[in-house]
Amino acid sequence: MTHTMPARVTRAAHGVLALAALLSSLGASRATAQGPVQGTTPGTLHPAAMPLPFAPALPGETSPPPIPREFRGVWIATVANIDWPSRPGLPSDSAKAELLRLLDRAAALRLNAVIFQVRPAGDALYASKLEPWSAYLTGTMGKAPDPAWDPLAFAVAEAHRRGLELHAWFNPYRARHRDTRVRAAATHVSRTMPSVVKPYGPYLWMDPGEARVREHTTRVILDVVRRYDVDGVHIDDYFYPYPERDRRGRAIPFPDAASWQRYRKSGGALSRDDWRRRNVDLLIEDLYEQIKQVKPWVKFGISPFGIWRPGHPELVRGLDAYTTLFADSRRWLAEGWLDYFAPQLYWSVDARQQSYPQLLDWWTSQNTRGRHLWPGNGTYKVTDRGSVQWPASEIVRQIDLTRAQPGADGNVHFNMSALVRDTDALASRLATGPYGAPALVPASPWLSSGTPPPPLVVRTDEAEGIVLHLESGPVAHHPRWWVIRSRYADGWRAQVVDATARTVVVPLDGVGHTPDVVAVNAVDRAGVESPTVLLSSRGTQ
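Here the structure is a predicted model, which means the values were calculated and not measured. (Residues numbered from 1 in each chain as written. Predicted model: local features only at pLDDT ≥ 70, side-chain atom pairs only at ≥ 80, totals over all residues. Heavy atoms only, no water.)

1. Side note on the overall build of the chain
Heads up, the condition is: The helix count covers DSSP runs of H or I at least four residues long, the strand count covers runs of E at least two residues long, and both are numbered beginning at the N terminus. Relative accessibility under 20% of the residue-type maximum defines a buried residue, over 50% an exposed one, and the middle range a partly exposed one, all with a 1.4 Å probe and only protein chains included. Note on contacts: a residue pair is in contact if any heavy atoms of the two residues lie within 4.5 Å. The accessible surface values rely on the Shrake-Rupley method and a 1.4 Å probe; as for residues, cover is taken only from the protein chains in view.
Looking only at helices and strands, the chain has 14 helices and 23 strands in total. Here the chain holds 541 residues, and the buried ones make up 61% of them. When contacts within the chain are restricted to residue pairs at least 6 apart in sequence, long-range pairs at least 24 apart make up 72% of them. With the model as given, the accessible surface of the chain reaches about 20900 Å², and the carbon-plus-sulfur share is 52%.

2. Things to note about the sheet that holds strand 4 (residues 113–119)
Strand pairs in the sheet, formed through backbone hydrogen bonds, run parallel or antiparallel to each other. Worth spelling out the cut-off: Being paired, for any two strands, means DSSP has found at least two bridges between them. To get an axis, a line is fitted to the C-alpha atoms, and for a helix only the part in contact is used. The angle between two axes follows their N-to-C directions and goes from 0 to 180 degrees.
Strand order in the open sheet made by the 10 strands is 12-14-15-3-4-5-9-10-11-13, with parallel pairing throughout. The sheet terminates laterally at strand 12 (344–345) and strand 13 (372–373), the two strands that pair on one side only. Bridge analysis of strand 9 (residues 232–235) against strand 10 (residues 299–302) gives four bridges, and the strand direction is parallel. Following the sheet pairing, Gly-232 is matched in strand 10 by Lys-299. Docked against the sheet, helix 8 (residues 272–294) engages strand 9 and strand 10, running at close to 160 degrees with respect to strand 10.

3. What to know about the pairing of strand 7 (residues 197–200)
A regular strand carries its side chains on alternate faces of the sheet. Pairing between strand 7 and strand 8 (residues 203–206): four bridges, direction antiparallel. Paired with Tyr-200 across the two strands is Tyr-203, which belongs to strand 8. Hairpin geometry of strand 7 and strand 8 is characterised by an intervening segment of two residues between the two adjacent antiparallel strands and by a positive phi of about 55 degrees at Gly-201.

4. Quick look at unusual backbone geometry
Cis geometry is found at the peptide bond from Trp-84 to Pro-85, where omega equals -20 degrees. Examined against the element boundaries, Pro-85 turns out to sit in the loop between strand 3 (71–76) and helix 2 (92–108). Following Phe-414, the chain continues to Asn-415 via a peptide bond in cis, the omega torsion being 15 degrees. For Asn-415, the location among the structural elements is in the loop between strand 15 (410–413) and helix 13 (416–421). For Arg-110, which is not glycine, the phi dihedral falls at a positive 60 degrees. On the basis of relative accessible area, Arg-110 is assigned to the buried category, the value being 3%.

5. Some points on the side chain of Gln-495
Rules: Any pair of nitrogen or oxygen atoms within 3.5 Å is treated as a polar contact; in protein, a donor-acceptor pairing is required on top of that, and neighbouring residues in sequence qualify only through side-chain atoms on both sides.
Mapped onto the elements of the fold, Gln-495 is located in strand 19 (residues 491–498). The exposure class assigned to Gln-495 is buried, which follows from its relative accessible area of 8%. Within the structure, the side chain of Gln-495 is placed 3.3 Å from the backbone oxygen of Val-505, a separation counted as a polar contact.

6. Section: helix 7 (residues 257–265)
The test is simple: An arc is given here, and it is the one of the directions from the helix axis to the C-beta atoms.
Listed in full, the buried residues belonging to helix 7 are Ser-259, Trp-260 and Tyr-263. Down the axis of helix 7, the buried set is contained in an arc of 100 degrees. They therefore lie on one face. Looking at the buried side of helix 7, the elements it contacts are helix 8.

7. A word on the sheet that holds strand 8
Strand order across the open sheet formed by three strands is 6-8-7, with antiparallel pairing between neighbours. Edge positions in the sheet fall to strand 6 (174–176) and strand 7, since each has one partner strand and no second. Averaged over all pairs of adjacent strands, the angle between strand axes in this sheet comes to 35 degrees, irrespective of strand direction.

8. What about the packing of aromatic side chains?
Under the convention used in this document: What counts as a ring pair is set by centres within 6.5 Å for rings of Phe, Tyr and Trp (its six-membered ring), and what kind of pair is set by the plane angle: stacked under 30 degrees, edge-to-face over 60, tilted for all other angles. Here, a charge over a ring is recorded when the distance from Lys NZ or Arg CZ to the ring centre is within 6 Å and its angle to the ring normal is within 35 degrees.
For the structure on display, the rule yields 28 aromatic pairs. Ring plane angle 80 degrees and centroid distance 5.5 Å describe the contact between Tyr-240 and Phe-254, whose orientation is recorded as edge-to-face. Pair noted here: Tyr-240 is in the loop between strand 9 and helix 7 and Phe-254 is in the loop between strand 9 and helix 7, with a separation of 14 residues, a long-range link. Accessibility expressed as a relative area gives 1% for Tyr-240, which makes it buried. On the basis of an interplanar angle of 75 degrees and a centroid distance of 4.8 Å, the ring pair of Trp-362 and Trp-363 is categorised as edge-to-face. Grouping aromatic residues by their ring pairs yields a cluster made of Tyr-203, Trp-205, Tyr-238, Tyr-242, Phe-305 and Trp-347. Across the ring face of Tyr-238, the terminal group of Arg-174 is positioned such that the distance to the ring centre comes to 5.1 Å.

9. A word on the nonpolar core
Spelled out, the test is: Here, the term nonpolar core denotes a set of buried Ala, Val, Leu, Ile, Met, Phe, Trp, Tyr and Cys residues that are joined through side-chain atoms within 4.5 Å.
Core analysis: the largest hydrophobic core is formed by 107 residues, its most contacted members being Trp-84, Leu-152, Phe-170 and Phe-300. The leading source of residues in this core is helix 8, at seven residues. Not counting the four nearest positions on each side in its chain, Trp-84 is found in contact with Ile-76, Ala-77, Thr-78, Ala-95, Glu-98, Leu-99, Leu-102, Phe-116, Leu-125, Leu-137, Trp-149 and Pro-151. Counting residues in each nonpolar core, the second largest holds 17 residues, with Leu-468, Trp-482, Tyr-488 and Val-504 among its members.

10. Quick look at helix 4 (residues 151–161)
Counting buried residues along helix 4, eight of its 11 residues qualify, which places the element largely inside the surrounding structure. Residues Pro-151, Leu-152, Phe-154, Ala-155, Val-156, Glu-158, Ala-159 and His-160 constitute the buried set of helix 4. N-cap assignment for helix 4: the residue whose side-chain oxygen lies 3.1 Å from the backbone N of Leu-152 is Asp-150.

11. A look at the pattern of salt bridges
Keep this limit in mind: One side-chain nitrogen of Lys or Arg within 4 Å of one carboxyl oxygen of Asp or Glu is enough to make a salt bridge.
Following the criterion strictly, the structure yields 28 salt bridges and no others. Arg-162 serves as the salt-bridge partner of Glu-158, at 2.6 Å between the closest nitrogen and oxygen. Considered together, Glu-158 and Arg-162 belong to a single accessibility category, that of buried residues. Connected through shared salt-bridge partners, Asp-104, Glu-158, Arg-161 and Arg-162 make up one network.

12. Points about the pairing of strand 15
Where burial is concerned, the two faces of strand 15 agree: the one with Gly-410 and Val-412 and the one with Asn-411 and His-413 are both buried. By the bridge criterion, four bridges tie strand 3 to strand 15 in an arrangement that is parallel. Bridge pairing links Val-74 to His-413 in strand 15. Inspection of the sheet shows strand 14 (residues 376–377) paired to strand 15 by two bridges, in the parallel sense. In the sheet register, Asn-377 faces strand 15, and the bridge partner there is His-413.

Right under this line is the structure:
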């Protein structure tokens, strides 16, 4: 299935005002460019800083230009406490405060989605009856946080308050990370189903050849889809494991002889490599179908290794994920078993054998179903540590190339810590450059049930600005966002607001003037916009 590509993002002139807004918002404990100010009345959203123009205000113009559409995501990794929490066993209040600071940073940079790791290794960073609490959260696997709280429920609510989508990120097969030394809880898969969990180097791995593994992983993910208001489900690049080697440097074979022999004895005719790829395919296809049965609007995304096979495109060299990880990612894209595809293109623009633009161009050529293509960027390489150190300009350049590539409509940054470190003024460069104004996540019309009705809007004028009182139209489910576009003397500005808010303040500009035109739309969970409600200085038009 194909869809119309969303409006391309255009860059406005920003400069010092954008940098000041970024620094101001990063310094506030709860105030963000798209979120609530601490101490405001519940249900009312006040912008912490004037949003920047996304389009000029042309003389005589009253119809609002479309808000830019672009996915701006970031991975928040919990495995080995890479991004959050800063250490296992952190007190609940401290862990909450750290998570809020990360969400505030994402909103201040005008990102619009976070991909939050909730299942690093057969464990849970949320309240689950199927898998134990993660040791990365509490320090002891199976131990609940005290005082009790649910990080995923908290993250969903606080992300939405800041205009951010929240995608729950699962590792489908890993059962123990190499950095883990804690004892497995009695409810961990290594103890409840020990026959399907295999030691592999320093890891424990659920055997993808076992139907029980696929069933368990699917049940875990669907449990989250049912119980949490997540916008997406996300799985990463770990299918069959990356090869481990023994002390002599020889590759260690994956120990799946039992499941392989059972398959052969049952009459299976595939080669072992094809059988392994089929095992992974079955999980991907089944997940997509079952997520859509539970909540059709929840997006399913995958971020595989960035090279499908060496030689595709011709000059590319590197790991062969098709024969090593048994990940036929090109097929998943071709079959439409996903809503967005985020290949990890963690190489520079000028890399000779893994060129970012060459790989991006090849992947877009494979996207015959017109799904979203949001390449993953190696933003973590903008650092003053390690052997590979990129300047911040590399990431800006990659974003520009993605925008110029037909068929690609966003980026995902690995990882959140890179945006917090701000090496080489990375965050400031993003905020004053490509992410200077808000953008909506691109629409997924194949997930929509139709155009949502326009919101019901009542306007009142107050000293602080225009106050909009909002209600959704007569639909079975509520919209995800209100989108408010306002025409000031220096251009059109946009606010993206959680649709659970019933009143929104459209602020005065820097000289105390209200906008002369305000346009309001409801946006459904698939990103489809309602007809516009247009208000001028004289009221509703």
